[in-house]
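One letter stands for each residue in the lines below.
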Amino acid sequence: MENRFNIRTAFLPDDEADRIYRRYPFIGEDAESYCPTCEKKGTFQWRGQTWRCDCQEQLQLYKHYLAAGIGVTYQRLEWLDLEGCNEIISRINEYLEKHQRYVSRGVGLFFSGTVGTGKTMVANLVLKSFVKMGYSCFSTTFAQTIDYLTAGWNSPEDKAYFRRKFVDSQVLLLDDVGREHRTKLSDTTFDSILRTRVQEGRPTIITTNMKPGELSTGYGAAILSLLQEASLYFEFSGDDFRPKSQQRTVEEVKSGETRPIT
C-alpha cells in the first residue's frame, strides 16, 4: 500500500500545536518567520558544503518531532551516525520495510544492553521513521510517564493528553526502563500501559540497561511475558561510543557546521 503521508503539508492538530507554541514561543506558525536549521539565512554549512535550506520541511519535521517527544539532539542524527550496529540495523530495516504488517499486529521492539551502545539512538531513529510515515508516536522516559500521569489528576486536559500519548499513540517509545525509582504506582502504571497497548495491538518500543532476567525480577514475570509476546528482541553490546559522539559534535561546532533535521 502506498504511503501518501507528506510531512511538509501535514499540520498538527490545534491542541498539539498550541501546546508546542506555549512551550516554544519562538517557533512561530510558519517557515516565513522561523527555521530551526538555517535561522532564516537561506543556507547552512554541512559536511564541507553549502546547502540551500528547505525551511518548510525543516520546520515541519521540528514541530512533528517535538509533538512526538523526540529531542532536538536525536532530530538531527541519522542512521549513518551509528557505529558497530550493522547486524541490528539490517534487522531493523527489515522491520521498517514491513512496518504495516508489524504495526497492524502490535509488534514492537525491545532493546537491552549496556550504557552507550546505541539503544536510545536506534529507538529514536525508528520512531522518526514512523513519524515520517504518518503514525501517531510518542517518546518518553518511564520517569516522565509518572509525571504526566500525576499531572492529569488535577487537570482534565492533562489527563486527556496522557491517554492520547501514552495509551492511544500508534507507536510508543519508553526509554530507560528500570532507572526510575520503583514504587507501587510506577509498577502499576507500567503494567497498565503495556497491558492495554498489547491488548489493543499498539506497538511499544522499550529500551533498558536491564537484562530480561533482571526485568522479570524487578517488574514481575507477567510484564516480561507481555514484552516477549509483543516485541522483537535486540541485545546491544560493545564500547560506549558517547565520548566519540561528543567529540564529533564539538568538531562540527568548531568548523561552523549545522546538522539538518532528518
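Notes on the structure in this doc start here. (Residues numbered from 1 in each chain as written. Predicted model: local features only at pLDDT ≥ 70, side-chain atom pairs only at ≥ 80, totals over all residues. Heavy atoms only, no water.)

Structural notes on the state of the cysteines
Keep this limit in mind: When the sulfur atoms of two cysteines come within 2.5 Å, that pair is taken as a disulfide.
If you walk through the whole model with that rule in mind, you get zero disulfides. Of all cysteine sulfurs in the structure, the one in Cys 55 sits closest to Cys 38, which takes part in no disulfide; the separation is 3.5 Å.

Details of the pairing of strand β6 (residues 204-208)
The side chains of a regular strand alternate, first on one face of the sheet and then on the other. Here is the rule we go by: Exposure is judged per residue with a 1.4 Å probe applied to protein chains only, and the accessible area is read against the type maximum: over 50% gives exposed, under 20% gives buried, and values in between give partly exposed. Helix numbering and strand numbering both begin at the N terminus, where a helix is a DSSP run of H or I of at least 4 residues and a strand a DSSP run of E of at least 2. Strand pairing is defined by DSSP finding a minimum of two bridges between the two strands.
Buried residues dominate β6, accounting for five of its five residues. The two faces of β6 match: Thr 204, Ile 206 and Thr 208 on one face and Ile 205 and Thr 207 on the other face are all buried. Of the pairings in the sheet, the one linking strand β3 (residues 108-113) to β6 comprises four bridges and is parallel in character. Among the inter-strand pairings, Phe 111 is bridged to a residue of β6, identified as Thr 207. As judged from the four bridges shared by strand β5 (residues 171-177) and β6, these two strands associate in the parallel manner. Looking across to β6, one finds that Leu 173 is bridged to Ile 205.

Focus: the environment of Thr 189
How we decide: Contact between two residues is taken to exist if any of their heavy atoms lie within 4.5 Å; hydrogens are not considered.
Positionally, Thr 189 belongs in helix α9 (residues 184-199). Note on Thr 189: relative accessible area 7%, which makes it buried. Separated by 44 residues in sequence, Thr 189 and Thr 145 place their C-alpha atoms 8.4 Å apart. Once residues lying within four places of it in the same chain are set aside, the contact partners of Thr 189 are Phe 142, Thr 145, Ile 146 and Leu 149.

Brief notes about the environment of Gly 48
As for its placement among the helices and strands, Gly 48 is situated in the loop between β1 (43-46) and β2 (49-52). Since its relative accessible area comes to 66%, Gly 48 is described here as exposed. Counting along the chain gives 149 residues from Gly 48 to Arg 197, while the straight-line C-alpha distance between them is 45 Å.

Here's the deal with the nonpolar core
Rules: Here, the term nonpolar core denotes a set of buried Ala, Val, Leu, Ile, Met, Phe, Trp, Tyr and Cys residues that are joined through side-chain atoms within 4.5 Å.
Among the nonpolar cores identified, the biggest contains 51 residues, and Ile 92, Phe 111, Phe 130 and Ile 205 are the most heavily contacted of them. Those elements giving two or more residues to this core turn out to be α1 (14-23), β1, α2 (55-67), α4 (86-97), β3, α6 (119-133), β5 and β7 (231-236). Per element, the largest residue contribution to this core is nine residues, and it comes from α6. Those residues in contact with Ile 92 that lie beyond four places of it in its chain are Trp 79, Leu 109, Phe 111, Val 122, Val 126 and Phe 234. Phe 166, Phe 190, Leu 194 and Leu 215 belong to the second-largest nonpolar core, a separate cluster that totals 21 residues.

Notes on the packing of aromatic side chains
Definition in use: Centres within 6.5 Å make a pair out of two Phe, Tyr or Trp rings, where for Trp the six-membered ring is used; the pair is then stacked when the planes are under 30 degrees apart, edge-to-face when over 60, and tilted otherwise.
Counted by the stated rule, this structure contains 15 aromatic pairs. Here Phe 26 and Tyr 34 contribute two aromatic rings whose centre-to-centre distance is 5.5 Å and whose plane-to-plane angle is 65°, an arrangement assigned as edge-to-face. Among the residues examined, Phe 26 registers a relative accessible area of 47% and is labelled partly exposed. By relative accessible area, Tyr 34 is classed as buried at 18%. Between Tyr 95 and Phe 130, the ring centres sit 6.1 Å apart and the planes meet at 85°, which makes this aromatic pair edge-to-face. One end of the pair, Tyr 95, is in helix α4; the other, Phe 130, is in helix α6, and 35 residues separate them in sequence.

Some thoughts on the sheet that holds β5
Hydrogen bonds between backbone atoms are what pair the strands of a sheet, whose relative direction is either parallel or antiparallel. Heads up, the condition is: The convention used is that axes are lines fitted to C-alpha atoms, helices contributing only their stretch in contact, and that angles between N-to-C directions extend from 0 to 180 degrees.
Taken together, five strands build an open sheet; the order of strands is β4-β5-β6-β3-β7 and the sheet is parallel. Edge strands, defined here as strands with exactly one partner in the open sheet, are β4 (137-141) and β7. For this sheet the average axis-to-axis angle between neighbouring strands, irrespective of direction, equals 10°. Across five bridges, β4 lies against β5 in parallel orientation. The partner of Thr 140 across the bridge, within β5, is Leu 174.

Considerations on the packing of α1 against α2
Packed helices, taken two at a time, are described by their axes: the angle between them and the distance between them. Going by this rule: Roughly parallel covers angles under 35 degrees, roughly antiparallel covers those over 145, roughly perpendicular covers 65 to 115, and oblique covers all other angles. For this classification, the nonpolar set comprises Ala, Val, Leu, Ile, Met, Phe, Trp, Tyr, Cys and Pro, the charged set comprises Asp, Glu, Lys and Arg, and every other residue, Gly included, is treated as polar.
Put simply, α1 and α2 touch, their axes get as near as 10 Å, and they point 95° apart. For the element pair α1 / α2, the angle class is roughly perpendicular. Facing Glu 16, Ile 20 and Tyr 21 of α1, the residues of α2 in contact are Lys 63, Leu 66 and Ala 67. Here the contact of α1 with α2 is built from residues that sort into four nonpolar, no polar and two charged.

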